[in-house]
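Residue-level structural notes
Spelled out, the chains give:
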Number of protein chains: 2
Amino acid sequence: MDERIHEHARILSDWSADIGSGDNVVMSVEDGAHELAVAVAEQVGKRNANLLTTYASGEIDRAYLRAHSEEFDADPAHAKSLYENADVVLALNAGHNANTLTDVPHDTKQAYDTATQDVREARLDTDWVKTIHPTRALAQQAGMAYETYQDFVYDAIIRDWERLAAEMDRLKRRLDAGSELSIRTAAGTDVTMSIEDRLAVNSAASVRYDSHNLPSGEVFTAPTDTDGTVVFDLPLTYYGERLERVTLTFEDGRVVDYAGDNEDVLEEILTTDDGAKRLGELGIGMNRGIDRFTNNILFDEKMGDTVHMALGRAYDACLPDGRSGNQSAVHVDMIADMSTDATIEIDGEVIQRNGTFQWEDGFET
Amino acid sequence: MDERIHEHARILSDWSADIGSGDNVVMSVEDGAHELAVAVAEQVGKRNANLLTTYASGEIDRAYLRAHSEEFDADPAHAKSLYENADVVLALNAGHNANTLTDVPHDTKQAYDTATQDVREARLDTDWVKTIHPTRALAQQAGMAYETYQDFVYDAIIRDWERLAAEMDRLKRRLDAGSELSIRTAAGTDVTMSIEDRLAVNSAASVRYDSHNLPSGEVFTAPTDTDGTVVFDLPLTYYGERLERVTLTFEDGRVVDYAGDNEDVLEEILTTDDGAKRLGELGIGMNRGIDRFTNNILFDEKMGDTVHMALGRAYDACLPDGRSGNQSAVHVDMIADMSTDATIEIDGEVIQRNGTFQWEDGFET
């Protein structure tokens, strides 16, 4: 077995999920993640935890959901009790075909999700971590050869997370202390937003940081009162539709103008509800192992030298106790390149120029 | 997908497991059984039951068990509650390598089994069914080409089970009413045993018959007072050791002489404990879809035109309430060919000659 698979399993079990002796672990193995599952099982054994393995397959979900003809039972007791009695859930994503569920009616998926909400919440109440095992289908989706894609994935995952967490903490403290944040790029972005009374989240790929994705590597907050224009250089896929060259113009926190390649889809997003016209998130990508766009949001939004902003719902973790953030049924992340001719300022002070932070070597004052 | 996989899934869900609307179903998918799992998921959906899918992999078990270094926790709550809240468990066996667990220490396996006994009992308390999906590894183990092996497996599984159950019931009633059973073959078997006060089990591959294997197709009972000689023409594998040409001689129910190719293994079995020298089971194979030996006991013991006898433990289902049968730590099935020059008699009446039952066409009086 590729030694990197073992290293991935060690990082997942130790840094990310913090598995201890006696923990009840559910390992969810997606079709295609078998090798990683074997390596993770070894780590779970080494930690003397208790392993139960589930199987996640889009093809099984598709066959089941399409055949079911009545109302779904609410929160079946076998699934609910499994997660209620679990301490850790490890989701090993992989997949052989990203389009497997495209011919399941949207209403069916939604009805199933609604009926099984308590099962999902029981799962999210554990120390859960989602990670990814490189498959040929994911390489194809990323537009890369399989071996190159494996290198890419392991560069993103096998990092010195403790060091990155410390660096991200530095940025978090700057954001927490700041009031106004501005971004300018040569591509045409010139935007200012308030970050006052907001808490930034250090998403360091560990349950100890309340961060549940491996890889991770971003610091994000929930801005308000956005004004100006943002040009998103990088494409995104929204329900199978590709959006490119999106430009949004904000006044008093709301989108007042927009343009892009697939404008009707953009309009659909913006008119979902009132909150869909406001930003719910500003994230700053800090994982320099992720050095290119691969059409997979788990990686794209953590890319070094990028920022992303999401239209729609804000995360509660960014809000002081008792305050509520932007509400919406959508949360659509869009990414802008910050590697050249670009700055991030907090209260008038440049904290990142051309992707390099103020405290890093090579920062041009 | 091969239409036979869909037919297999229908028989499993309907005849064997009798899945109803609202049932909580656990489907255990062994590495290699993915296609069958997709077909079964469709059937579970059609019956509006609730599906949770687990993953069974010898490689995962091996990695976990070898790495674990402390005492195993007794009956982890996540696994136990899953099965306690399940109505049906479908085990889809397949496997890529029958030898995967050979380098896990026997003591480790035993310690794990002992610690998780309540989990196993909770699973056996459901309407569970074990079946098999043909893989290349199983074809290799059977000494057959993959496509030929697929034909073999589906011939054994896709049968008119209702009709076979009725036929087996006919034999069961004869066995229940009888007192003494004798078997004679040209190969040298000449044995008599008591079946008085015993109940025969109609193993018809359905939970309605308390029969949990698909395929099945045997009627078995728990004989006593065996006298005479049995020649087992067909080989068996016992913990990786091949036993062939086994001959056992009984007096007053106990083995008094034995011979065979691998005599030390045979001696090891016979000296396990006192009950290992007595028969715990006589089974009569009635699945004529199984027409050859494939080195897999799930199929071999149900083969048409054969009988099998097991040294060791008797099944409670064969005993009247409150009576106990032969006790032993072992239960080793051995098979004899009945297709030529062979008879089964009950109380002096020939009920099978050369594999044909008394009530069938072609029976020679």
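Residues numbered from 1 in each chain as written. Chains lettered and ligands numbered in written order. Predicted model: local features only at pLDDT ≥ 70, side-chain atom pairs only at ≥ 80, totals over all residues. Heavy atoms only, no water.

Chain A goes by Aminopeptidase in an unreviewed UniProt entry, where it is assigned to Halocatena salina.

As for the overall build of chain A
Helix and strand counts for chain A stand at 11 helices and 20 strands. Rg of the C-alpha trace for chain A: 21 Å, near the compact-globule value of 21 Å for 365 residues, within the 12% margin. Projected onto its principal axes, the C-alpha positions of chain A cover 55 × 50 × 45 Å. Within chain A, the proportion of its 365 residues that are buried is 56%. When the accessible surface of chain A is split by element, carbon and sulfur atoms take 39% of a total near 15400 Å². Treating the 32 positive side-chain charges of chain A as one cloud and the 70 negative ones as another, the clouds have centres 3 Å apart. (Helix = DSSP H or I, 4+ residues; strand = E, 2+ residues; numbered from the N terminus. Rg over C-alpha atoms; globule rule 2.2 N^0.38 Å. Buried < 20%, exposed > 50% of the residue type's maximum accessible area, 1.4 Å probe, protein only. Areas by Shrake-Rupley, 256 points an atom, 1.4 Å probe, with all protein chains shown as cover. Lys, Arg positive; Asp, Glu negative; His and termini not counted. Charge placed at Lys NZ, Arg CZ, Asp CG, Glu CD.)

Observations regarding the sheet that holds strand 15 (residues 279-285) of chain B
Two orientations exist for strands paired in a sheet by backbone hydrogen bonds: parallel and antiparallel. Residues and elements named next belong to chain B. Taken together, the 5 strands give an open sheet; going across it, the order is 7-9-15-16-17, and neighbouring strands pair in antiparallel fashion. Each edge of the open sheet is held by one strand with a lone partner, namely strand 7 (201-203) and strand 17 (331-337). For this sheet the average axis-to-axis angle between neighbouring strands, irrespective of direction, equals 20°. Sheet topology note: the strand 15/strand 16 (residues 306-312) ladder contains 6 bridges and is antiparallel. Bridge pairing links Gly283 to His308 in strand 16. (Pairing = 2+ DSSP bridges. Axes fitted to C-alpha atoms, helices over the stretch in contact; angles between N-to-C directions.)

Topic: the packing of aromatic side chains
What the rule picks out here adds up to 15 aromatic pairs over all chains. Taken together, Tyr64(A), Phe72(A) and Tyr112(A) form an aromatic cluster joined through their ring pairs. Its end group placed over the ring of Tyr83(B), Arg123(B) keeps NZ or CZ at 5.4 Å from the ring centre. Its guanidinium or amino end placed over the ring of Trp15(B), Arg208(B) lies 5.2 Å from that ring's centre, counting from NZ or CZ. (Phe/Tyr/Trp six-rings, centres within 6.5 Å; stacked < 30°, edge-to-face > 60°. Lys NZ or Arg CZ within 6 Å of the ring centre and 35° of its normal.)

A word on helix 3 (residues 58-67) of chain A
Taken residue by residue, helix 3 of chain A has Ile60(A), Ala63(A), Tyr64(A), Leu65(A) and Ala67(A) as its buried positions. On its buried face, helix 3 of chain A is in contact with strand 2 (50-56) and helix 5 (106-115) of chain A together with strand 1 (24-30), helix 2 (34-46) and strand 2 (50-56) of chain B. Put simply, Ser57(A) is the residue that caps the front of helix 3 of chain A, since its side-chain oxygen is 3.2 Å from the backbone nitrogen of Glu59(A). (Contact = heavy atoms within 4.5 Å. Polar contact = N/O pair within 3.5 Å; in protein donor to acceptor, adjacent residues only side chain to side chain.)

Here we look at the sheet that holds strand 6 (residues 190-194) of chain A
Residue and element names in this part refer to chain A. Taken together, 8 strands build an open sheet; the order of strands is 14-13-10-6-5-18-19-20 and the sheet is antiparallel. Lying at the two open borders of the sheet, with one neighbouring strand each, are strand 14 (254-259) and strand 20 (356-357). Of the strand pairs in this sheet, strand 5 (residues 180-185) and strand 6 are connected by 5 bridges, and their pairing is antiparallel. Bridge pairing links Glu180 to Ser194 in strand 6. The strands touched by helix 9 (residues 161-177) are strand 5, strand 18 (342-346), strand 19 (349-353) and strand 20; relative to strand 19, the strand with the most contacts, the crossing angle is about 150°. Relative to strand 14, helix 10 (residues 263-270) is tilted by about 170°, and along the sheet it contacts strand 13 (246-251) and strand 14.

Focus: the relation of the copies chain A and chain B
Under the fitted operation, chain A is carried onto chain B by 0.0 Å of movement along the axis and a turn of 180°, and the coordinates agree to an RMSD of 0.0 Å. Considering both components of the superposition, the chain copies are consistent with a two-fold axis. Within chain A, Thr54(A) has its C-alpha nearest the rotation axis, a separation of 1.9 Å. By residue overlap, the copies meet face to face through one surface: 100% of the interface positions of chain A are interface positions in chain B. (Least-squares fit on C-alpha atoms with pLDDT ≥ 70 in both.)

Digging into the domain arrangement of chain A
All names here are of chain A. According to the domain assignment, chain A contains domain 1 (3-157) and domain 2 (161-357). When each unit is reduced to the centre of its C-alpha atoms, the spacing between domain 1 and domain 2 is 26 Å. If you look at the interface, domain 1 gives 26 residues, while domain 2 gives 24 residues. Considering only the side of domain 1, the residues that lose the most area to domain 2 are Trp15, Phe152 and Ala156, jointly responsible for 36% of the buried surface there. Along the contact surface separating domain 1 from domain 2 lie 1 salt bridge. Among the ionic pairs, Arg208 bridges to Asp18, the shortest N-O distance being 3.2 Å. (Domains from an automatic or database assignment. Buried area = accessible area lost by both parts, 1.4 Å probe. Salt bridge = Lys/Arg side-chain N within 4 Å of Asp/Glu carboxyl O.)

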